[in-house]
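The lines below spell out each chain.
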Amino acid sequence: MALAHVLGVPRIGPNRELKFAQESFWRGDIDEAALRTVASGIRQANWQRQHAAGLDGVSRLAWPTISSWRAAMRRATRWK
């Protein structure tokens, strides 16, 4: 029997929700709790989407802590 899994899913959300929440946090429009709520919702939605699709081996324990948009910004400015 073949098993199916996904190596990665968009960590920033299908409509870049985490990016916009991170930018709102930087501007001071939302607090850290709201930012963490957005990140948690994205993780939960990704897990549910994979589970509903019948993928094997989807585990909450396998999910690393979601990285913030700051990681992308660091990579983008690393070579300057």
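Residues numbered from 1 in each chain as written. Predicted model: local features only at pLDDT ≥ 70, side-chain atom pairs only at ≥ 80, totals over all residues. Heavy atoms only, no water.

Draft legend 1. Expanded view of the nonpolar core. Formed by L18, A21, L35, A39 and I42, the largest nonpolar core amounts to five residues. Elements with a contribution of two residues or more to this core: α1 (17-27) and α2 (32-52). (Core = buried A, V, L, I, M, F, W, Y, C linked by side-chain atoms within 4.5 Å. Buried < 20%, exposed > 50% of the residue type's maximum accessible area, 1.4 Å probe, protein only. Helix = DSSP H or I, 4+ residues; strand = E, 2+ residues; numbered from the N terminus.)

Draft legend 2. Structural view of the environment of I12. In this structure, I12 sits in the segment before α1. Judged by relative accessible area, which is 23%, I12 ranks as partly exposed. On a C-alpha basis, the gap between I12 and Q22 in space is 9.8 Å, while along the polypeptide they are ten residues apart.

Draft legend 3. Quick look at the environment of G41. Within the secondary structure, G41 sits in helix α2. According to the relative accessible area criterion, G41 is partly exposed, its value standing at 35%. Each C-alpha atom, one on G41 and one on L18, is 9.7 Å from the other, the two residues being 23 residues apart in sequence.

Draft legend 4. The arrangement of unusual backbone geometry in detail. Its identity is not glycine, yet R16 carries a phi of approximately 60°, on the positive side. Residue position: R16 is located in the segment before α1.

Draft legend 5. Just the pattern of salt bridges, in detail. Summed over the entire model, instances satisfying the criterion amount to three salt bridges. Between E23 and K19 there is a salt bridge whose closest N-O contact spans 2.8 Å. Taken together, the residues E23 and K19, both in helix α1 and four residues apart, mark about one turn of the helix. (Salt bridge = Lys/Arg side-chain N within 4 Å of Asp/Glu carboxyl O.)

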